[in-house]
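Coordinate analysis (summary)
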Amino acid sequence: MSGAGFDAERHLDAMAGTLGLTVTEAQREGVLRFLSMAHRMAEILDAAPVPADTLELANVYHPPEAGA
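The following refers to the structure shown. (Residues numbered from 1 in each chain as written. Predicted model: local features only at pLDDT ≥ 70, side-chain atom pairs only at ≥ 80, totals over all residues. Heavy atoms only, no water.)

When its secondary structure is counted, the chain shows two helices and zero strands. Along the three orthogonal principal directions, the C-alpha set of the chain runs to about 50 × 40 × 20 Å. Here the chain holds 68 residues, and the buried ones make up 9% of them. Carbon together with sulfur atoms contributes 59% to the accessible area of the chain, which is approximately 6100 Å² in total. Between the centroid of the 4 positive side chains of the chain and the centroid of its 10 negative side chains there is a distance of 11 Å. (Helix = DSSP H or I, 4+ residues; strand = E, 2+ residues; numbered from the N terminus. Buried < 20%, exposed > 50% of the residue type's maximum accessible area, 1.4 Å probe, protein only. Areas by Shrake-Rupley, 256 points an atom, 1.4 Å probe, with all protein chains shown as cover. Lys, Arg positive; Asp, Glu negative; His and termini not counted. Charge placed at Lys NZ, Arg CZ, Asp CG, Glu CD.)

Here it is as structure tokens:
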């Protein structure tokens, strides 16, 4: 995943239509800001050195039954 080719506006325009979302002009600047931030965070995670043959699933929390 490389940030050089990522275009937040193009991505927003494509995905909003695909997902059936309406993003108003008043919302657009904030959505673009957070979309760019999410992309930068994904780049950090993607760069983490994790061996390809490693799969460690996180524990799953199961809340207690009501009244238990």
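Another point: helix α1 (residues 8-19). Relative to the 16 Å expected for twelve residues at 1.5 Å per residue, α1 spans 16 Å between its end C-alpha atoms, a close match to the ideal helical length. Those residues of α1 that sit buried are Ala8, Leu12 and Ala16. Take α1 and look down its axis: the buried residues cluster within an arc of 60°, on one side only. Residues of α1 that are exposed and angled more than 90 degrees away from the buried face: Arg10, Gly17 and Thr18. Its side-chain oxygen 3.1 Å from the backbone nitrogen of Glu9, Asp7 forms the N-cap of α1. (Expected span 1.5 Å × (residues − 1). Arc of directions from axis to C-beta. Polar contact = N/O pair within 3.5 Å; in protein donor to acceptor, adjacent residues only side chain to side chain.)

This next bit is on the pattern of salt bridges. On inspection of all chains with the given rule, the structure shows three salt bridges. A salt bridge links Glu9 to Arg28, with the shortest nitrogen-to-oxygen separation between them at 3.6 Å. Of this pair, Glu9 sits in helix α1 while Arg28 sits in helix α2 (residues 25-46); the two residues are 19 residues apart in sequence, bridging distant segments of the chain. On the basis of relative accessibility, which here comes to 17%, the residue Arg28 falls in the buried class. (Salt bridge = Lys/Arg side-chain N within 4 Å of Asp/Glu carboxyl O.)

All right, on to α2 then. Here α2 spans 31 Å end to end across 22 residues, near enough to the 32 Å set by a 1.5 Å rise per residue. Here α2 has its buried residues at Arg28, Leu32 and His39. Contacts made by the buried residues of α2 are with α1. (Contact = heavy atoms within 4.5 Å.)

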